[in-house]
Amino acid sequence: ELPFRMLARKYGTELCYTPMIYSGPFASDPAYREAPENGFQTCPGDRPLVAHFCGNDPEVLLAAARHVVDQVDAIDLNLGCPQRVAYAGHFGSYLLDRSDRDLVCSIVKRLSDALPVPVFCKIRLLDEPEDTLRLARQLEASGASLLA
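Residues numbered from 1 in each chain as written. Predicted model: local features only at pLDDT ≥ 70, side-chain atom pairs only at ≥ 80, totals over all residues. Heavy atoms only, no water.

Trainee: Would you mind going over the side chain of D100 in detail, with residue names and values included?
Mentor: One can find D100 in the loop between α5 (84-89) and α6 (101-114). Despite its burial, D100 pairs with no opposite charge, the nearest such side chain being R101 at 8.5 Å. Ignoring sequence-local partners within four residues, the contact set of D100 consists of H90, Y94 and L95. (Helix = DSSP H or I, 4+ residues; strand = E, 2+ residues; numbered from the N terminus. Buried < 20%, exposed > 50% of the residue type's maximum accessible area, 1.4 Å probe, protein only. Lys, Arg positive; Asp, Glu negative; His and termini not counted. Salt bridge = Lys/Arg side-chain N within 4 Å of Asp/Glu carboxyl O. Contact = heavy atoms within 4.5 Å.)

Shown next, in the form of structure tokens:
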């Protein structure tokens, strides 16, 4: 949230992330975008800033990111959320199965090709270290600039 980010910046934090933003309603609903509880508020002193999105559709994520890209320094794709809502919406860590790898890579590629800011990915460690390394390499090859 903006007040917390500004407090953290006062004490030396250099890079902050927004709360998780649901790409679907953010992309299509102006009223949703304007409501501060839906994840995006900023001010001139709130830089550098990363907008943290969740979703599973490259075009919807791109549309959502375009609403804030001129106010942030990077876009982050949430591939780490293990919450029940992520399971129900098929996003976050529930996109880390091999069966979704092409989709995840297509999202990263679409965002990195179309946006003027870097694309980051928040991931979870997979069960096998080699699988995590394979995922990291695939995300990097798709255009991810940072993995966290």
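Next comes the rest of the write-up.
Trainee: Tell me what's going on with unusual backbone geometry, and back it up with residues and numbers.
Mentor: Cis geometry is adopted by the peptide bond preceding P48, which originates at R47 and carries an omega value of -5 degrees. By the secondary structure assignment, P48 is in the loop between α3 (30-34) and β2 (49-54). The backbone of H90 shows a phi angle near 55 degrees, a positive value even though the residue is not glycine. For H90, the position within the fold is in the loop between α5 and α6.

Trainee: Now, about helix α7 (residues 129-142): what can you tell me, with residues and values included?
Mentor: Along its 14 residues, α7 runs 20 Å from first to last C-alpha, staying within 8% of the 20 Å computed at 1.5 Å per residue. On its buried face, α7 is in contact with β3 (74-79), α6, β4 (119-123) and β5 (144-147). Following α7 by one or two positions, G143 has its phi on the positive side, about 120 degrees. (Expected span 1.5 Å × (residues − 1).)

Trainee: Explain a nonpolar patch on the surface to me, and be specific about the residues and the numbers.
Mentor: A cluster of nonpolar side chains, F4, L7 and Y11, forms an exposed patch at the surface whose accessible area comes to about 400 Å². If you trace the backbone, F4 turns up in helix α1 (residues 2-10). By relative accessible area, F4 is classed as exposed at 60%. (Patch = residues over 30% accessible without salt bridge, like charges linked within 9 Å, V, L, I, M, F, W, Y side chains within 5 Å. Areas by Shrake-Rupley, 256 points an atom, 1.4 Å probe, with all protein chains shown as cover.)

Trainee: Can you break down the pattern of salt bridges residue by residue, with the values?
Mentor: Applying the stated criterion to the full structure yields eight salt bridges. The shortest N-O distance in the salt bridge between R9 and D46 comes to 3.0 Å. One end of the pair, R9, is in helix α1; the other, D46, is in the loop between α3 and β2, with 37 residues separating them in the sequence. For the pair formed by R9 and D46, the shared burial category is buried. In this structure, R137 engages E130 in a salt bridge whose closest nitrogen and oxygen atoms are separated by 3.6 Å. Linked through salt bridges whose partners overlap, the residues forming this network are R5, R9 and D46.

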